[in-house]
Amino acid sequence: MSELNTAAAPGATVSWLLLQLSDSALPTGGFAHSGGLEAAAQQGEVRTAADLRRFLRDALWQAGHCTLPLASAAHADASALPRLDARADAFLVSRVANRASRTQGRAFLDTCARIFPAEVTSLRESARAAGLLLHHAPIAGAVLRALGVERTHAQQLLLSLALRGLLFAAVRLGVAGTHEAQRMQHELAPAMDEVLAACGDLTEDALAQTAPLADLFGSTHDRLYSRLFQS
């Protein structure tokens, strides 16, 4: 019996870790951002449930073509962080999206270093010493590798967090109710599988902007008359 428990322990540990990393109580600051949804809603682009579903699908595909390639590359080689950080900075031409990425990346790195000091502290120190901007996608990939999260699980986690953050924003903005948002998250699980299958092996050279209108709406966030979110 003891041998069986020992053999099961590593996998069980990773499963508990993934649950902790996906917990909304983890203070990474992701819920401070709407991913452009607030601006899109105020400008009439997202009014109905159908509009929201379309926005969510577009956002997932954008995450697949931007977040996943950078996170995967950093997961494979943390020493590439300076190059990947610079690549993310050049790709995110919208000032709002660029700022949000840096803010979320710093928050994720600092939070994980405080919670998992043995695994992440050296990564945080080296990133700071290198003067990195700490964009979220490459930082997340490097941190998840340091925590021992396998690449596919890391990609699934990042897609799930991206969707959950947008649905939280939708509820806060009154675009969807709480039960409706949870139903949408369930209904979009096949879409996340589709994005992962299509984008899971993309390299940093395949970065692409697949939702230009959403990016354009999001870039107007700072000029909104009233705002609940930072981006």
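You'll find the structure just up there.
All of the points below concern the structure found in this document. (Residues numbered from 1 in each chain as written. Predicted model: local features only at pLDDT ≥ 70, side-chain atom pairs only at ≥ 80, totals over all residues. Heavy atoms only, no water.)

**Regarding the overall build of the chain**
For the chain, the helix and strand inventory stands at twelve helices and zero strands. In the chain, the succession of α and β elements from N to C terminus is α-α-α-α-α-α-α-α-α-α-α-α. At 18 Å, the chain has a C-alpha radius of gyration in line with the 17 Å of a compact globule built from 231 residues. Dimensions along the principal axes, computed over C-alpha positions, put the chain at roughly 60 × 45 × 30 Å. Burial statistics for the chain: of 231 residues in total, 43% are counted as buried. (Helix = DSSP H or I, 4+ residues; strand = E, 2+ residues; numbered from the N terminus. Rg over C-alpha atoms; globule rule 2.2 N^0.38 Å. Buried < 20%, exposed > 50% of the residue type's maximum accessible area, 1.4 Å probe, protein only.)

**Describing the state of the cysteines**
Simply put, disulfide is the name for a covalent bond between the sulfur atoms of two cysteines. Enumeration over the complete set of coordinates arrives at zero disulfides. Left without a disulfide partner, C66 is nearest to the cysteine sulfur of C199, which lies 11 Å away. Under the relative-accessibility criterion, C66 is labelled buried at 11%. For the unlinked cysteine C112, the closest cysteine sulfur is that of C66, found at 19 Å. Exposure remark for C112: the relative accessible area of 0% places this residue in the buried category. (Disulfide = S-S within 2.5 Å.)

**Quick word on the environment of E119**
Structurally, E119 can be placed in helix α7 (residues 117-129). Between the alpha carbons of E119 and G148 there is a distance of 8.9 Å; along the sequence they are 29 residues apart. Other than its neighbours up to four places away in sequence, E119 contacts A146 and L147. (Contact = heavy atoms within 4.5 Å.)

**Looking at helix α10 (residues 178-187)**
Of the positions making up α10, those classed as buried are A181, M184 and Q185. Buried residues of α10, seen end-on, are gathered within an arc of 100° and therefore sit on one face of the element. Looking at α10, the residues exposed on the side facing more than 90 degrees away from the buried face are H179, Q182 and H186. (Arc of directions from axis to C-beta.)

**Some remarks on the nonpolar core**
Soluble globular proteins tend to pack their nonpolar side chains together in the buried interior. The biggest cluster of nonpolar side chains holds 34 residues, and the ones touching the most others in it are L21, L109, V120, V143, L144, L147 and V149. Secondary-structure elements contributing two or more residues to this core are α1 (2-21), α4 (67-76), α5 (81-91), α6 (95-115), α7, α8 (136-146) and α9 (151-173). Per-element tally for this core: the top contributor is α8, with six residues. Sequence-distant contacts of V120, that is, excluding residues within four places in its chain, are made with L109, C112, A113, V143 and L147. Listed in part, the 27 residues of the second largest apolar core include L37, L52, M192 and V195. (Core = buried A, V, L, I, M, F, W, Y, C linked by side-chain atoms within 4.5 Å.)

**Notes on the side chain of Q155**
Relative to the assigned elements, Q155 resides in helix α9. By relative accessible area, which is 4% here, Q155 ends up buried. A polar atom in the side chain of Q155 sits 2.8 Å from the side chain of S72. One polar contact links the side chain of Q155 to the main-chain carbonyl oxygen of G200, over a distance of 2.8 Å. Non-local contacts of Q155, meaning those with residues more than four positions away in its chain, are made with L68, S72, L196 and G200. (Polar contact = N/O pair within 3.5 Å; in protein donor to acceptor, adjacent residues only side chain to side chain.)

**Regarding the packing of α4 against α8**
With their axes 7 Å apart at the nearest point, α4 and α8 run at an angle of 40° to one another. Relative to α8, α4 is oriented oblique. For the pair α4 and α8, the sense of crossing is right-handed. Contacts between α4 and α8 involve T67, L70, A71, A74, H75 and A76 from the first element and A137, P138, G141, A142, L144 and R145 from the second. Across the contact of α4 with α8, the residue classes break down as eight nonpolar, three polar and one charged. (Axes fitted to C-alpha atoms, helices over the stretch in contact; angles between N-to-C directions. Parallel < 35°, antiparallel > 145°, perpendicular 65-115°, else oblique. Left-handed = near helix turned anticlockwise from the far one by under 90°. Nonpolar A, V, L, I, M, F, W, Y, C, P; charged D, E, K, R; others polar.)

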